[in-house]
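Coordinate analysis (summary)
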Amino acid sequence: QVQLVESGGGLVQAGGSLRLSCAASGRTFSNYVMAWFRQAPGKEREFVAYISQSGAAKNYAGAVKGRFTISRDKATNTVYLQMNSLKPEDTDVYYCAATGGSFFTIASSAYDYWGQGTQVTVSS
């Protein structure tokens, strides 16, 4: 089992920055692919970014590419999402997710473990 807890959300003006953290505990964290998803009220859950077990491979949704950066710190079992140049359309609840599967994927259904979510609100 893996437990995930997100933090770092809040209210920021357009053009500003936030860094989200996902603290992980449990079995063999370093062997899991980690990802961030986001969801607005009434909308489908949307892929944001993933990072490989080693941290060497990353993938981003087109809407955030060039503005967001995913990283992981194996020493502290923590995954980060650095968000720069924030836009009002980035306003969502952001979720951390983990999978021990064999394939990298952007599909939310493939992820086994989820955090509780953290709210990000970007004002215009």
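None of these values were measured; they are calculated from a predicted model. (Residues numbered from 1 in each chain as written. Predicted model: local features only at pLDDT ≥ 70, side-chain atom pairs only at ≥ 80, totals over all residues. Heavy atoms only, no water.)

Turning to the sheet that holds strand β3 (residues 18-26), a few remarks are in order. The 4 strands lie next to each other as β1-β3-β8-β7, forming an open sheet whose pairing is antiparallel. Of all the strands in the sheet, just β1 (2-7) and β7 (68-73) have a single pairing partner and so form its edges. Neighbour-to-neighbour, the strand axes of the sheet open up by a mean angle of 15 degrees, direction not taken into account. Judged from the 6 bridges that link them, β7 and strand β8 (residues 78-83) form a sheet pairing that is antiparallel. Bridge pairing links Ser-71 to Tyr-80 in β8. (Pairing = 2+ DSSP bridges. Helix = DSSP H or I, 4+ residues; strand = E, 2+ residues; numbered from the N terminus. Axes fitted to C-alpha atoms, helices over the stretch in contact; angles between N-to-C directions.)

Turning our eyes to something else, we now look at the state of the cysteines. For the structure shown, the criterion picks out 1 disulfide. Two residues share a disulfide in this structure: Cys-22 and Cys-96, whose sulfurs sit 2.1 Å from each other. Between Cys-22 and Cys-96, the disulfide has an S-S torsion of -80 degrees and is therefore left-handed. In this pair, Cys-22 is assigned in strand β3 and Cys-96 in strand β9 (residues 92-99), connecting sequence segments 74 residues apart. Like Cys-22, the residue Cys-96 is buried in the burial classification. (Disulfide = S-S within 2.5 Å. Buried < 20%, exposed > 50% of the residue type's maximum accessible area, 1.4 Å probe, protein only.)

Moving on: the nonpolar core. Leu-4, Met-34, Trp-36, Leu-81, Met-83 and Tyr-94 are the most contacted members of the largest nonpolar core, which totals 36 residues. Among all residues touching Met-34, those that are not within four sequence positions of it are Leu-4, Cys-22, Phe-29, Ala-49, Tyr-50, Ile-51, Ile-70, Arg-72, Val-79, Cys-96, Ala-97 and Ala-98. (Core = buried A, V, L, I, M, F, W, Y, C linked by side-chain atoms within 4.5 Å. Contact = heavy atoms within 4.5 Å.)

Once that is clear, we can look at the pairing of strand β11 (residues 118-123). Burial along β11 is one-sided: Thr-118, Val-120 and Val-122 are buried, and none of Gln-119, Thr-121 and Ser-123, which face the opposite way, are. Examined bridge by bridge, strand β2 (residues 10-13) and β11 share 4 bridges and lie parallel to one another. In the strand pairing of β11, Leu-11 is matched with Thr-121. Bridge count between β9 and β11: 3 bridges; the pairing is antiparallel. Across the sheet, residue Tyr-94 finds its bridge partner in β11, namely Thr-118.

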